[in-house]
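Residue-level listing of the chains:
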Amino acid sequence: MLCDTFAKPPMNFRRLLPIVAVLLLGALAYAVFDRGSAPPVRFTTLDGQQIELQQLRGKMVLVNFWATTCTGCVEEMPELVETYRKYHPRGFELVAVAMSYDPPEQVANFARNNGLPFPVALDTQGEIALAFDDVRLTPTAFLIDQNGRIVSHVVGVLDFNALHRTLERGLGGAG
């Protein structure tokens, strides 16, 4: 008896092929076009406040991963403070996310001693860093637009001139 391995597929299968192809193309398109969405994370700030990234829709948001032991992070903090003060009234938010290896008391002391005016979140389990493409290097920043899409991802110290230009465009008008 001969094996029927090369037999034509049943008629029902041939009718499903166009539907399967459309579904696969749709899934592919969704994956390509949804690639830049920020993850749905929840930040816990030093004072215990819970902030869901989704709650910040309508604002431009900079999520900045940092550590108190990171020289570049410490050096850019004064400019982050200035940027926050300048653009916050126009719809800009900044969340500084301390890495999981940074002791919470050390982070709290740094924030207090340096008068950080923006929310400082603790990522004690590393879940936020993992959600943002598994951040391991600091500083690392993600700029998210009003629709929740990542418009910039920077590893290393920020170029504040470029950030300010992007904020001017995104927030509209001169500041």
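Our subject in this report is the structure included herewith. Note that the structure is a prediction, hence the values are computed from the model and not measured.

On to the sheet that holds strand β4 (residues 92-98), then. The five strands are arranged β5-β4-β3-β6-β7 in an open sheet whose pairing can be described as mixed. Of all strands in the sheet, those with a lone pairing partner are β5 (120-122) and β7 (150-155), marking the two edges. When the angles between neighbouring strand axes are averaged without regard to direction, this sheet yields 20°. For strand β3 (residues 60-66) and strand β6 (residues 140-144), the ladder comprises five bridges, and the chain directions are antiparallel. Within β6, the residue paired with V61 across the bridge is I144. Sheet strands in contact with helix α3 (residues 104-113) are β3, β4 and β5, and its direction is about 175° off that of β5.

Time to look at helix α2 (residues 71-87). At 3.6 residues per turn, the α-helix brings residues three or four places apart onto the same side. Over its 17 residues, α2 extends 25 Å from the first C-alpha to the last, a length consistent with the 24 Å expected when each residue adds 1.5 Å. Remark: the principal bend of α2, roughly 40°, maps to M77, with a proline, P78, within the next four residues. Among the residues making up α2, those that are buried are G72, C73, E76, M77, L80, V81, T83, Y84 and Y87. If you follow the buried residues of α2, they end up packed against β3, β4, α3 and α5 (160-171).

Cut-offs applied
- Residues numbered from 1 in each chain as written.
- Predicted model: local features only at pLDDT ≥ 70, side-chain atom pairs only at ≥ 80, totals over all residues.
- Heavy atoms only, no water.
- Pairing = 2+ DSSP bridges.
- Helix = DSSP H or I, 4+ residues; strand = E, 2+ residues; numbered from the N terminus.
- Axes fitted to C-alpha atoms, helices over the stretch in contact; angles between N-to-C directions.
- Contact = heavy atoms within 4.5 Å.
- Expected span 1.5 Å × (residues − 1).
- Bend = angle between axes of the 7 residues up to and from the residue.
- Buried < 20%, exposed > 50% of the residue type's maximum accessible area, 1.4 Å probe, protein only.

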